[in-house]
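Observations on the three-dimensional arrangement
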Amino acid sequence: MNKSIRSQLSLRLSKPAGIILFFLLLSGSSSAQGKHDTTSYIQTVDIKTGKIDTVLVAKGDFEAPNWHPDNYLVLNFRGKIYKLDLDTKQLTEINTGSITQIMDDHGLSPGGKWIAITSFDTANPSKKLYKFSISIVPAAGGQPRKITTSQDLSFWHGWSPDGKTIAYCGGDFSNLDVYTIPVEGGTPERLTVTPGLDDGPDYSPDGKYIYFHSYRSGRMQIWRMRPDGSQQTQMTFDENANWFPHPSPNNKWIAYIAYTTDEKQNHPFGKNVKLRLLAPKTKAVKDITPVFYGGAGTINTPSWSPNSKKLAFVSYLVN
């Protein structure tokens, strides 16, 4: 989703607002892009030392890095998916067949064979203006296969450790909740039913929990539950607005993005944010980056290195 358009319109970005801006991007806004020039800093941070390395500086709004076991990052940029080789720093487009309107909710399956993608669903016969579905495509590129078919709004966020189930945010604008669905397709199972936004579900690597963020307490905080939706438990209790929890592959940490201001149920671009780590056993929290300019697109999706030592993320500069 286009950051320069967001900045031009000064809109706060929730999932519905993001959808509106996604369409603005697709239609093209030369006047907005003429006034703002976004630079993406694709970076990694060492969780032990805090050392930040900049992998690539690129014009435009690259978003949501996933870390493939073969040492490359998967990102989206203006409706398409790209591969960024961490050794050569080369950026190449991944073929996604008939789907070319992809959002920043995408991620690699366990082992890295597949990419789950969220895209505008042109084939959905619903008369609603906003229609998004989840598909999977080979990580090497190819024709996608649609997973979700029974809802107008479905936004991918996590794979189960065995690769057989997908967790996602879905429903309608009035109350988006957490669902799961088999990768082979089928009937979705709704796991949350509370008022307000429940979003960003991601499985722990042992499969015992799904972590997510929720506004049910009156401030966006990190929660977790069993894969069947039971034992929903709040994990963070602070003044930040906390989004997108991602368990590390070694199951020792939960990484997430924290807004330093209360953004209610929105996750806007262009705010002061930081990356933090939560220890699941003690609920202790620590910063792993200083505050930087980011937000939506920074770390929407799982971005841990396979060895659990680093995280990939994106910070931004808008002129």
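This one's a predicted model, so the numbers in the text were calculated from it and none came from an experiment.

**Some details on the packing of aromatic side chains**
Under the defined criterion, the tally for this structure stands at 11 aromatic pairs. Between F62 and F77, the ring centres sit 4.2 Å apart and the planes meet at 10°, which makes this aromatic pair stacked. Residue F62 is found in the loop between strand 2 (52-59) and strand 3 (63-68), and its partner F77 is found in strand 4 (residues 72-77); the two are separated by 15 residues along the sequence. We note that F62, like F77, is buried. Measuring from ring centre to ring centre gives 5.8 Å for F120 and F132, while their planes differ by 65°; the resulting arrangement is edge-to-face. Taken as a pair, F120 in strand 8 (residues 114-120) and F132 in strand 9 (residues 132-138) lie far apart in primary sequence, 12 residues in all. Among the residues examined, F120 registers a relative accessible area of 15% and is labelled buried.

**Thoughts on the sheet that holds strand 2**
The strands making up a sheet are joined through hydrogen bonds of the backbone, oriented either antiparallel or parallel. With respect to topology, three strands assemble into an open sheet ordered 2-1-24, the strand pairing being antiparallel. In this open sheet, the two strands that pair with only one neighbour each are strand 2 and strand 24 (310-318). Neighbour-to-neighbour, the strand axes of this sheet turn through a mean angle of 20°, independent of strand direction. Bridge count between strand 1 (residues 38-46) and strand 24: nine bridges; the pairing is antiparallel. Residue pairing across strands places T38 opposite V318, the latter belonging to strand 24.

**Observations concerning the sheet that holds strand 6 (residues 91-94)**
Here we have four strands laid out as an open sheet, ordered 3-4-5-6, and antiparallel in their pairing. This sheet does not close on itself; its edge strands, each paired only once, are strand 3 and strand 6. Taking each pair of neighbouring strands and ignoring which way they run, the sheet shows an average axis angle of 30°. Two elements, strand 4 and strand 5 (residues 80-85), share six bridges in a ladder whose sense is antiparallel. Within strand 5, the residue paired with F77 across the bridge is K80.

**Let's talk about unusual backbone geometry**
Although it is not a glycine, N71 adopts a positive phi angle of roughly 65°. Position of N71 relative to the elements: it lies in the loop between strand 3 and strand 4. Exposure remark for N71: the relative accessible area of 28% places this residue in the partly exposed category. Of note in this structure, Q231 is not a glycine but carries a positive phi near 55°. With respect to the secondary-structure elements, Q231 resides in the loop between strand 17 (221-225) and strand 18 (233-234).

**Considering the pattern of salt bridges**
Applying the stated criterion across every chain yields a total of 13 salt bridges. R219 is the salt-bridge partner of D262, the closest N and O atoms lying 3.8 Å from each other. In this pair, D262 sits in the loop between strand 20 (254-259) and strand 21 (269-278) while R219 sits in the loop between strand 16 (210-214) and strand 17, placing the two residues 43 residues apart along the sequence. Accessibility expressed as a relative area gives 23% for D262, which makes it partly exposed. With a shortest N-O distance of 2.6 Å, D287 and R276 are connected by a salt bridge. Residue D287 is found in strand 22 (residues 285-287), and its partner R276 is found in strand 21; the two are separated by 11 residues along the sequence. Residue class for R276 comes out buried when judged on its relative accessible area of 12%.

**Observations concerning the nonpolar core**
In a soluble, globular protein the nonpolar side chains are often hidden away together inside. Membership of the largest hydrophobic core comes to 27 residues, with the highest contact counts inside it found for W243, I257, L275, I288 and L311. When residues no more than four places from it in sequence are discounted, the contact partners of W243 are L197, D199, H213, M220, I222, Y256, I257, Y259, K264, Q265, N266 and H267. Among the nonpolar cores identified, the runner-up in size contains 18 residues, and V55, A58, Y82 and F269 belong to it.

**Focus on the confidence of the model for the protein**
Overall, the prediction assigns the protein a mean pLDDT of 88, with 87% of residues at 70 or greater. Taken as a whole, residues 16-35 scores under 50 in pLDDT and shows 42 contacts with residues more than four places along the chain or in a different chain.

**Quick look at the pairing of strand 19 (residues 241-247)**
For strand 19, a buried count of seven out of seven residues is recorded, marking the element as mostly surrounded by other parts of the structure. From the end of strand 19 to the start of strand 20, which pair antiparallel, there are six residues, and N251 there has a positive phi angle of about 70°.

**Let's talk about the pairing of strand 9**
Among the seven residues in strand 9, six count as buried, and that is most of the element. Direction of pairing for strand 8 relative to strand 9: antiparallel, over a ladder of seven bridges. The partner of A116 across the bridge, within strand 9, is I136. Where strand 9 lies against strand 10 (residues 145-146), two bridges are found, and the strand directions are antiparallel. Residue pairing across strands places S135 opposite K146, the latter belonging to strand 10. Following strand 9, the chain reverses through six residues before pairing antiparallel with strand 10; G141 in that reversal takes a positive phi of roughly 105°.

Analysis parameters
- The residue numbering used here restarts from 1 in each chain and proceeds along that chain's sequence as written.
- With the structure being a predicted model, the display of local features is reserved for residues of pLDDT at least 70 and the display and counting of side-chain atom pairs for 80 or more, all residues being used for whole-chain, interface and lining totals.
- To obtain the side-chain values, all non-hydrogen atoms of the structure were included, while hydrogens and water were left out.
- In summary, the pairing rule links any two rings of Phe, Tyr or Trp, Trp by its six-membered ring, whose centres are within 6.5 Å, and it sorts them by plane angle into stacked for under 30 degrees, edge-to-face for over 60 and tilted for everything else.
- By definition, any uninterrupted DSSP run of H or I lasting at least four residues is a helix, any uninterrupted run of E lasting at least two residues is a strand, and each is numbered from the N terminus.
- Exposed residues in this analysis have more than 50% of their type's maximum accessible area, buried residues have under 20%, and partly exposed residues fall in between, with area computed by a 1.4 Å probe over protein chains only.
- Two strands form a pair only when DSSP identifies at least two bridges running between them.
- Helix axes use the C-alpha atoms of the stretch in contact, all axes being lines fitted to C-alpha atoms, and the angles between their N-to-C directions lie in the range 0 to 180 degrees.
- Salt bridges are defined by distance alone: a side-chain nitrogen of Lys or Arg within 4 Å of a carboxyl oxygen of Asp or Glu.
- We call a set of buried residues a nonpolar core when its members are Ala, Val, Leu, Ile, Met, Phe, Trp, Tyr or Cys and they connect through side-chain atoms within 4.5 Å of each other.
- Two residues form a contact once any of their heavy atoms are found within 4.5 Å.
- Per-residue confidence from the predictor is reported as pLDDT, which spans 0 to 100.

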